[in-house]
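# Observations on chain architecture
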Amino acid sequence: RTLQLFEQQGFRSMCEDWNHRNALRGLPVRVSSENGEHRGLCGKAQDDGTLELRLSCGAHLQISGGDVSLCLDTTSIF
């Protein structure tokens, strides 16, 4: 049922629920993609599927598309 909803309405239809269940939100994470690696605090997913990452300098980076790996950064002193 969830896949059907996603197919019909996209991520927007489940974004709020995903953010509620995101166990990494507010924790230090490492995001790896074809564009390189970024470290920061995991933020909320946006309606369009991008993930907000708060960098140590205070900037917010939007991670989107492609092959992305997200994991807890146990080496961070953020």
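First, a word on scope: everything that follows refers to the structure included in this document. (Residues numbered from 1 in each chain as written. Predicted model: local features only at pLDDT ≥ 70, side-chain atom pairs only at ≥ 80, totals over all residues. Heavy atoms only, no water.)

### Topic: the side chain of Thr 50
With respect to the element layout, Thr 50 can be found in the loop between β2 (36-45) and β3 (51-54). The class for Thr 50 is buried, based on a relative accessible area of 12%. Apart from residues lying up to four places away in sequence, Thr 50 is in contact with Lys 44, Ala 45, Gln 62, Ile 63 and Ser 64. (Helix = DSSP H or I, 4+ residues; strand = E, 2+ residues; numbered from the N terminus. Buried < 20%, exposed > 50% of the residue type's maximum accessible area, 1.4 Å probe, protein only. Contact = heavy atoms within 4.5 Å.)

### Some details on the nonpolar core
Ranked by size, the top nonpolar core spans six residues in total: Val 29, Val 31, Cys 42, Leu 51, Leu 53 and Ile 63. Secondary structure elements with two or more residues in this core: β1 (28-33) and β3. What Ile 63 contacts, discounting residues up to four positions off in sequence, is Val 31, His 38, Gly 49, Thr 50, Leu 51, Leu 53 and Val 68. (Core = buried A, V, L, I, M, F, W, Y, C linked by side-chain atoms within 4.5 Å.)

### What to know about the packing of aromatic side chains
The relative placement of two aromatic rings is captured by the distance of their centres and the angle of their planes. Under the definition given, this model contains one aromatic pair. Aromatic pair Phe 11 and Trp 18: ring centres 6.3 Å apart, planes at 70°, arrangement edge-to-face. Trp 18 gets classed as partly exposed once you look at its relative accessible area, which sits at 34%. (Phe/Tyr/Trp six-rings, centres within 6.5 Å; stacked < 30°, edge-to-face > 60°.)

Read these as spatial facts, not as claims about activity.
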